[in-house]
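Coordinate inspection notes
So you can see what is in the structure, the chains are spelled out below.
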Amino acid sequence: MSTSNLPFPDISTGGIPAHEDVVALAGGRNFVPDTALIARLANELFSAVPGSPSAHTPSQSATTPPRTNDLNLPLTGHDPLDLHLATRNNPVPEVAVSRNFVPGSDFLLAPNLGMGLPGEDVLRDLLKENAKEHPRATGATLYFLEEAARFNRKPAPASLPQTSATEQIAASAHPPFDVLAVRRDFPILKELVNGRPLAWLDNAATTQKPQSVIDSLSYFYQHANSNIHRAAHELAARATNAYEGARDKVANFINASSSSEIVFVRGTTEAINLVAQSWGRKNIVKDDEIVITWLEHHANIVPWQMLCAETGAKLRVAPVDDNGQVLLDEYEKLLNSRTKLVSFTQVSNALGTVTPAKQMVEMAHRYGARVLVDGAQSVSHMRADVQYLDCDWFVFSGHKVFGPTGIGVLYGKREILEAMPPWQGGGNMIEDVTFEKTRYHDAPMRFEAGTGNIADAVGLGAAIDYVQKIGIDNINRYEHELLVYANKGLNSIPGLRLIGTAPEKTSVLSFVLEGYQTSEVGDALNKEGIAVRSGHHCAQPILRRFGLEATVRPSLAFYNTYEEIDRLVRVVRQLDRNI
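Now for a description of the structure that goes with this document. Note that this is a predicted model, so its numbers are computed, not measured. (Residues numbered from 1 in each chain as written. Predicted model: local features only at pLDDT ≥ 70, side-chain atom pairs only at ≥ 80, totals over all residues. Heavy atoms only, no water.)

Scanning the chain from N- to C-terminus turns up 19 helices and 19 strands. By residue count, 57% of the 579 residues in the chain fall in the buried class. (Helix = DSSP H or I, 4+ residues; strand = E, 2+ residues; numbered from the N terminus. Buried < 20%, exposed > 50% of the residue type's maximum accessible area, 1.4 Å probe, protein only.)

Shown next as C-alpha cells:
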C-alpha cells in the first residue's frame, strides 16, 4: 500500500488537513478497532518514514509525567485504544500485532471510554508539528484510523463535539443532516419484526442506542470496571474519571453553571421523588400549595400527591385548552403567596405539547415559588438550557436521549442543593461517621448514596457526545419536518382523530381510529414491523381531559424516515377502509 494514495492533503508540502480531515482523525472515538488490521496498515505505512527504524521497541520514559485527556483521565501505555502520533523526540514505532496496541509517544488519539478528544485547534497544531518531522507518518495515522473505522462499519463522526454555547447554537457547525448515515449507527434498526424491517416509532417510551453507547458500556466493563472515589488503584481512577467526566458532559449539555449541580439518579421518576422527599419534606407545610398541570406524566403527579397527603398541603392543577396547551391566564390564577412549588413538563409525553417553560418559570418566581421542569421528553428533541430557563430543578432520563436505562439526572441550583438534606444514607455520600454524628459530603455526592450506576453514567456521556456531534438544532429541524409530514398523512385518514394539536409541539402523534380499539391498531402495526405505544402512556388525566382512556401513540426520533411514516399511514388507512 502506498502512502501516495492517502485520501488527505499532502502535508509534507506544507498543506494542513482541512476541517473534514481533522474530523476523520476522530474516527478513533467510537470504534473498537481490529488491531491486526491497524497494526498491518501502520507498520506498512510507517515503514516509509525517512530515518525511522524498521523495528523499534516501544518504550515509556520514566521521566515523562503521565498525560491526561481533557477530563483528566490518565493516559497510560497499557490501554488497548491508546493510539499515538509520533513526536519529534520519539520516532514512530513498529506497532505490535496484539490486543494491546502499545503507544510509541505521548499524545492520545483514540480516547479512553469515549471521554472526548482535545479541541480541533490542538489537533491541528500537533499535525503541523508532526508534519515537520514525519509528514508521511502523520498522513498515515489519519489514514489507518479512517480505514479501521470503515473496516468496522462504523463511520467517522459527523462532527467533533461542540462544547461552547455559541458553537452549539450555530447549526452551520455541523454538516447537512443525513438520516441514512445516522441509521447506520443504530444496530437495532437492522432488525426484522414479523419479516418486516423494524420501524421504531415508540421513542417517547424509550430511544434506541447508537453503537458508540453500546461500545462505551462494553469497554468500561472490559477495561475500567471498579467502584469510584474510594480505592487507590488504577481501575478505580479510570472508573472515577469516567463517571465524573460523564457528569461534566451532562452539565455542558444542559448548560449548568457547574458539574456540582448534576446529581445522578435512576431516572426522571427518582429525581422528582428525591426533590419531593428532600426539599419537599423540609419546606412544605400544611396549607402550602403545589401547582402542576393537566399534561403531567404520573411521575410528576403521584410524588406531589404523596407529599400533600403527608404534610396537609394542597395540589392544584393548571388546565389546558382543546389543543392541549396550558392556559396561562388560568395557570397564573393558581399562583399566590401560598404557592411553594410549581412542577411541570416541558414536553407532554402523551400529546407532544411544548409548554412555554421559560414564561411559566418566570411567572412562578414572581410569586416566590420554586420550579421543577420535567425534561424527560424534551432533551432529545430541543435545546436544554437550565440557565436560560432559570428553573430551580431540571430532570431527565438517560434512556430517553439514546443512553442506557437506569441512569438519569437531577439538576439543581447549587444553593438549593446545598440546603437540601440527604434522602438516603450509605456509602459515597458520607464524609465522616461516628456513633454520635454523621457528616455528609456537599452536593452532588450527598444525594448519591451507595454504589452508583457507574457504567450507565459513562454510557449517558457517550450518548450526549453522539447527540452533540450531530447537533441538537439539526435534530430539531429534521424531526419537525418529519412531524409535519406525519401529521399531514394521518390527518388524511377519514376516521382518524389526532389528540393534541397545539401549535407548539414535537415528536408525538397521539390518535384514535373510529371503529377500533387502540390495542387493535397497535397489533396491526406490529404485524408490519411498526412499533408504537397504545394505552394511557402513564398520563391518564390528560387523556381523560379529551374523553379518552387510551390512544395510539407514534413518537419520532431523528433516525426515523419518511418511508416509515408512509408505512404507518398506509397500514392505518387500510384499517379505516376495512370498517
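Once the structure has been displayed, the description carries forward.
A word on unusual backbone geometry. Cis geometry marks the peptide bond from Ala443 to Pro444; its omega dihedral reads 10°. With respect to the helices and strands, the residue Pro444 is situated in the loop between strand E14 (438-440) and helix H15 (454-470). Of note in the backbone geometry, Asp287 takes a positive phi value of approximately 75° without being a glycine. For Asp287, the location among the structural elements is in the loop between helix H9 (268-283) and strand E7 (289-293). Positive phi values are uncommon outside glycine, yet His537 reaches one of about 60°.

Time to look at the environment of Asp456. When you line up the elements, Asp456 lands in helix H15. Judged by relative accessible area, which is 16%, Asp456 ranks as buried. Residues Asp456 and Tyr243 lie 213 residues apart in sequence; the distance between their C-alpha atoms is 9.0 Å. Looking at Asp456, its side chain comes within polar contact range of the side chain of Asn453, at 2.9 Å. (Polar contact = N/O pair within 3.5 Å; in protein donor to acceptor, adjacent residues only side chain to side chain.)

Once that is clear, we can look at the pattern of salt bridges. A full pass over the atoms with the stated rule returns 28 salt bridges. Where Asp392 meets Arg370, a salt bridge forms, and the shortest distance between an N and an O atom there is 3.3 Å. In this pair, Asp392 is assigned in the loop between helix H13 (386-389) and strand E11 (393-397) and Arg370 in strand E10 (residues 370-374), connecting sequence segments 22 residues apart. Each of Arg370, Asp390, Asp392 and Lys413 takes part in a single network of salt bridges with overlapping partners. (Salt bridge = Lys/Arg side-chain N within 4 Å of Asp/Glu carboxyl O.)

Attention shifts here to helix H16 (residues 472-491). Its 20 residues give H16 an end-to-end C-alpha distance of 28 Å, which sits within 8% of 28 Å, the value for a rise of 1.5 Å per residue. Buried residues along H16 sit in contact with helix H6 (179-184), H15, strand E15 (496-499), strand E16 (510-513) and helix H19 (562-577). (Expected span 1.5 Å × (residues − 1). Contact = heavy atoms within 4.5 Å.)

This part is about the side chain of Arg446. Counting through the fold element by element, Arg446 comes out in the loop between E14 and H15. The exposure class assigned to Arg446 is buried, which follows from its relative accessible area of 12%. Within the structure, Arg446 has its side chain in polar contact with the backbone oxygen of Met420 (distance 3.1 Å). Side-chain polar atoms of Arg446 contact the backbone oxygen of His441, separated by 3.1 Å.

Function cannot be read off these values alone, since they describe shape.
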